[in-house]
Amino acid sequence: MLIRRLPILRGVSVGLVLPAYDPNVPKLRAYVDALLAELSPERVRIELDSPSGASFSFPEHPEVTVNTVGERRGKGLAITQGFDALDTDILAFADADGSTPADSIADVVSALPAVDLAVGSRRHPESRIQTHQSVVRRKLGDAFAATSRFLLPVSLYDYQCGAKAITSDAWREIREYLYESGFSWDVELVTVAAALDYEIREVPVAWEDDPHSTVNTPAAVKELARTVLTLRGRYDRIRGGVDDDSRTRLIDR
């Protein structure tokens, strides 16, 4: 059974980030309209990576802003910078391709503030898959989830779904430990949250795969494998108060 939606959030402000790279603009506009109708967020911030310089705007929606950056930052850095630009009680993100419908984003957001981090899940037994990923991507995703459950101390059906929400209080601490600028940002976020003893809830969602995804599957698999192996060691160090990663944190970029 899906959780009860937004009436529990009266008096709690919601900000939403949509990371986008080469989006289908008409489809994105329809998705934004649906999110506004379903969630009534105080702010929606589209983080647009646009090496070509192309952009767009939403003059009919003053609560929607488009931050256009002339390079491909990667999903993780785009969301991090988007979250840092918001001042709402709850911070959420949804992939701009609209694969997770607006009502499912509302289900994820509504898990807060009862928990600190809500994680949308395509692989949860109660999820509703409307169109599947390709067989190759689905099998790779299943293998990654199984490997992550084995290696990491936080057990989820799905680490990488493009629908998550976090309280601003939890974000202020977790952001200090984030390094992954790309596709593996999700699993890093979840693992750091667990290491810092934040409460996590997995929320089943509906899912409709976008066949025009810009994810480079072979590169993403390598990135995810490296990140999970790194996180296995970092988890204990973070819990012990010592995270000696020498890379540049996302918040310092």
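Cut-offs used in this document
Residues numbered from 1 in each chain as written. Predicted model: local features only at pLDDT ≥ 70, side-chain atom pairs only at ≥ 80, totals over all residues. Heavy atoms only, no water. Helix = DSSP H or I, 4+ residues; strand = E, 2+ residues; numbered from the N terminus. Rg over C-alpha atoms; globule rule 2.2 N^0.38 Å. Buried < 20%, exposed > 50% of the residue type's maximum accessible area, 1.4 Å probe, protein only. Contact = heavy atoms within 4.5 Å. Areas by Shrake-Rupley, 256 points an atom, 1.4 Å probe, with all protein chains shown as cover. Lys, Arg positive; Asp, Glu negative; His and termini not counted. Charge placed at Lys NZ, Arg CZ, Asp CG, Glu CD. Core = buried A, V, L, I, M, F, W, Y, C linked by side-chain atoms within 4.5 Å. Pairing = 2+ DSSP bridges. Axes fitted to C-alpha atoms, helices over the stretch in contact; angles between N-to-C directions. Expected span 1.5 Å × (residues − 1). Arc of directions from axis to C-beta. pLDDT = per-residue confidence, 0-100.

A. Region of interest: the overall build of the protein. On a plain count of helices and strands, the protein comes out with 7 helices and 9 strands. Compactness check: the protein gives a C-alpha radius of gyration of 17 Å against a globular reference of 18 Å for 253 residues, within 12% of the reference. Referenced to the eigenvectors of the C-alpha coordinate spread, the extents of the protein come out at roughly 50 × 40 × 40 Å. Relative to its 253 residues, the protein shows a buried fraction of 53%. Partitioning the contacts of the protein with sequence separation of at least 6, the portion at a separation of at least 24 is 77%. With the model as given, the accessible surface of the protein reaches about 11,200 Å², and the carbon-plus-sulfur share is 50%. Counting 30 positive and 38 negative side-chain charges, the protein places the centres of these two groups 4 Å from one another.

B. Examining the nonpolar core more closely. Phe83, Ile166, Ile174 and Trp185 are the most contacted members of the largest nonpolar core, which totals 36 residues. Here this core gets 8 residues from one element, more than from any other, and that element is helix H6 (residues 185-195). Val14, Val32, Leu36 and Ala118 belong to the second-largest nonpolar core, a separate cluster that totals 35 residues.

C. Just the sheet that holds strand E3 (residues 64-69), in detail. Read across the sheet, 7 strands follow the order E3-E2-E1-E4-E7-E5-E8 without closing on themselves; strand pairing throughout is mixed. In this open sheet, the two edge strands, each paired with only one partner strand, are E3 and strand E8 (200-204). Sheet twist, expressed as the average angle between the axes of neighbouring strands with direction ignored, equals 20 degrees. The pairing of strand E5 (residues 117-121) with E8 spans 5 bridges and is parallel. The residue of E8 that forms the bridge with Gly120 is Val203. Against the sheet, helix H1 (residues 25-39) contacts strand E1 (14-21), strand E2 (43-49), E3 and strand E4 (90-94), and its axis sits at roughly 170 degrees relative to E1.

D. Seen up close, H1. Its 15 residues give H1 an end-to-end C-alpha distance of 21 Å, which sits within 8% of 21 Å, the value for a rise of 1.5 Å per residue. Within H1 the residues assigned to the buried category are Leu28, Tyr31, Val32, Leu35, Leu36 and Leu39. Taken end-on, H1 shows its buried residues confined to a sector of 135 degrees, consistent with a single buried face. Pointing more than 90 degrees away from the buried face of H1 are the exposed residues Pro26 and Ala37. Each element contacted by the buried residues of H1 is listed here: E1, E2, E3, E4 and helix H3 (102-109).

E. Fine view of the confidence of the model for the protein. Across the protein, the average pLDDT comes to 90, with 90% of residues at or above 70. A low-confidence stretch, residues 1-5 (pLDDT under 50), is modelled with 16 contacts involving residues beyond four sequence positions or located in other chains.

F. Region of the structure containing the pairing of E2. Along E2, 6 of the 7 residues are buried, which leaves the element largely enclosed by surrounding structure. Two strands pair when backbone bridges link them, and E2 and E3 are joined in this way by 6 bridges, in the parallel orientation. Its bridge partner being in E3, Leu48 is matched across the sheet by Thr68.

G. The environment of Pro125, seen in detail. With respect to the secondary-structure elements, Pro125 resides in the loop between E5 and strand E6 (128-131). A relative accessible area of 60% places Pro125 in the exposed class. Put simply, Pro125 and Tyr157 are 32 residues apart on the chain and 8.7 Å apart in space, counted from C-alpha to C-alpha.

H. Expanded view of H3. Counting buried positions along H3 yields 7 of 8 residues, so the element is predominantly enclosed. All of the buried residues along H3 are Ala102, Ser104, Ile105, Ala106, Asp107, Val108 and Val109.

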